[in-house]
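What follows is each chain in one-letter form.
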Amino acid sequence: MSRIVIVGAGIVGAALADQLAARRDGDVVLIDRSQPGWGTSRTSFGWLNANEKQPRAYFDLSVEAMRDWRRLAREFGTPSWYQPVGNLAWVRSPQAREELAKRVDRLQAWGYGAELVTASRARGLEPNVTIPSDAEIAFFPDEGYASGCQAVQALVQRAMSFGARLITGVDVSELVVSRSRVTGVRLANEERIAAEMVVCCAGWRSPELLAPLGIDLPLIPASTRGSPAPCLTVTIEGVTPRPDRVIHAPELDLRPTGKNRLLLEANDVDVHVDITSGDNHLDDRAQKLLTRAGMVVPAAISATIVEASLCVRPLPLDGYPLVGPVSDHHGLYIAVTHSGITLAPILARHITLELLGTESPILRQYRPDRALPGIPV
Ligand SMILES: Cc1cc2nc3c(=O)[nH]c(=O)nc-3n(C[C@H](O)[C@H](O)[C@H](O)COP(=O)(O)OP(=O)(O)OC[C@H]3O[C@@H](n4cnc5c(N)ncnc54)[C@H](O)[C@@H]3O)c2cc1C
């Protein structure tokens, strides 16, 4: 039997392990330095959408990805980790109003669920948020969110029920190369696992795994000052009543995460967070998000912060997925992407096809060694 080793049990590695193991025609080994779902996928905002995805091919991929989530969730019954609750967004500045109206027009023309709504309709949809009466408001009924960590755990459990092997709590320290072919991995405990194919699903840490092979994966480095990769998500508790949907307000993104909890994020706060940010700095930023939450959701005024997580986005330099084999490195396949919560199931479906020998035309444009800044042509 051929063996495929997947490095990284985040949403991408877990979705892939699940689909590969379901074929039951090989041996799948999934390895994580921590626990399944405890990387970026755990702290992700997890908004399932194709809302701002362009060009058309990338938009179509994301729409198809939303369908894959629906299908996947059906297979698990009605899992709490999949919530297709819709997204309510509003803006106020003249420029943002114009952009939102244009986006809704484009999305409607592309057949996507998007509409501008009145303030009273929006309040009917979400009575537990404060929406300014002068706002331009849009509703995207087919969007929603997935809780990354729980989804990963469900996928890994199912992959194991199909026969996949899970190894946790140990780093893959090295990809083993023999005669310019990747032939397996070496673990930090010196164990060596041979494989016909190694799939790198190590998220933002992938560059450090691939660099010794001379592969310069074009991800935005997390450690440079001002990098957009590191960010902050904050969980608050005690929000009753709380909104049910994904909410994008001008200064805050939020969504439910459990019964009386909300997950918060804001781009302008992320800008001031980096990988070396200490606890005091993060607490200060988290308080800022809590204050903003109180302005959007009245019940959040008395909420408390239960977790403030510094997390890192795997951000390809051009923003698009890095998926596929790499020239001159047989036995190696890479799957690293931003918007990975949305895209994981569809990428996993196409990657499974490729690993079983059929090239996916959809993935052809996302090869990791495509011409793009930071990578040799
Ligand atoms: C704040 C934030 C908001 C986001 N919002 C959205 C959103 O709204 N919608 C969306 O679709 N996406 C969103 N994303 C992006 C999305 O979360 C990521 O693209 C996705 O989680 C990446 O999944 P992954 O499996 O590639 O990485 P991870 O979840 O990080 O998994 C990689 C795994 O590899 C393991 N690993 C790494 N190196 C090694 C090694 N050497 N040996 C063994 N194991 C290793 C890690 O422990 C980890 O578990 C957001 C991200 C962030 C940070």
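Right above here is the structure, for reference.
Residues numbered from 1 in each chain as written. Predicted model: local features only at pLDDT ≥ 70, side-chain atom pairs only at ≥ 80, totals over all residues. Heavy atoms only, no water.

## A closer look at the pattern of salt bridges
(1) Moving on: Considering all chains together, one arrives at 25 salt bridges under this definition.
(2) Moving on: Here Arg 242 ties to Asp 244 by a salt bridge, and the two come within 3.2 Å at their closest N and O atoms.
(3) Moving on: A salt bridge links Arg 367 to Glu 359, with the nearest nitrogen and oxygen atoms 3.3 Å apart.
(4) Moving on: What makes Glu 359 partly exposed here is its relative accessible area of 45%.
(5) Moving on: In this structure, a network of salt bridges that share partners links the residues Glu 64, Arg 67, Asp 68, Arg 71 and Arg 349. (Salt bridge = Lys/Arg side-chain N within 4 Å of Asp/Glu carboxyl O. Buried < 20%, exposed > 50% of the residue type's maximum accessible area, 1.4 Å probe, protein only.)

## Digging into the site of the ligand
(1) Moving on: Not every one of the 35 residues close to the ligand is listed here, only the nearest: Asp 32, Ser 41, Ser 44, Gly 340 and Thr 342.
(2) Moving on: A total of 990 Å² of accessible area belongs to the ligand in isolation, and the protein chains cover 96% of it.
(3) Moving on: No other element matches the three residues that helix H10 (residues 340-355) contributes to the shell around the ligand.
(4) Moving on: The residue inventory of the shell around the ligand, partitioned by class, reads 15 nonpolar, 14 polar and six charged.
(5) Moving on: Of the domains in this structure, domain 1 (3-45 + 149-219 + 318-366) and domain 3 (222-313) are the two that each give at least three residues to the shell around the ligand. (Near = heavy atom within 4 Å. Areas by Shrake-Rupley, 256 points an atom, 1.4 Å probe, with all protein chains shown as cover. Helix = DSSP H or I, 4+ residues; strand = E, 2+ residues; numbered from the N terminus. Nonpolar A, V, L, I, M, F, W, Y, C, P; charged D, E, K, R; others polar. Domains from an automatic or database assignment.)

## Regarding the packing of aromatic side chains
(1) Moving on: Considering all chains together, one arrives at seven aromatic pairs under this definition.
(2) Moving on: Ring centres of Tyr 58 and Tyr 320 lie 4.9 Å apart, and the angle between their planes is 90°; this geometry places the pair in the edge-to-face category. A residue pair is termed long-range when its members are at least 10 positions apart, and Tyr 58 in helix H3 (residues 56-75) and Tyr 320 in the loop between strand E18 (304-312) and strand E19 (322-326) qualify at 262 residues.
(3) Moving on: Relative to Trp 81, the ring of Trp 69 has its centre 6.3 Å away and its plane inclined at 65°; by these criteria the two rings are edge-to-face. Of this pair, Trp 69 sits in helix H3 while Trp 81 sits in the loop between H3 and strand E4 (82-83); the two residues are twelve residues apart in sequence, bridging distant segments of the chain.
(4) Moving on: Residue class for Trp 81 comes out buried when judged on its relative accessible area of 7%.
(5) Moving on: Put simply, the rings of Trp 69, Phe 76, Trp 81 and Tyr 82 touch in pairs and so form one group of aromatic residues.
(6) Moving on: When the ring centre of Trp 110 is taken as reference, the NZ or CZ atom of Arg 106 above it lies at 5.0 Å. (Phe/Tyr/Trp six-rings, centres within 6.5 Å; stacked < 30°, edge-to-face > 60°. Lys NZ or Arg CZ within 6 Å of the ring centre and 35° of its normal.)

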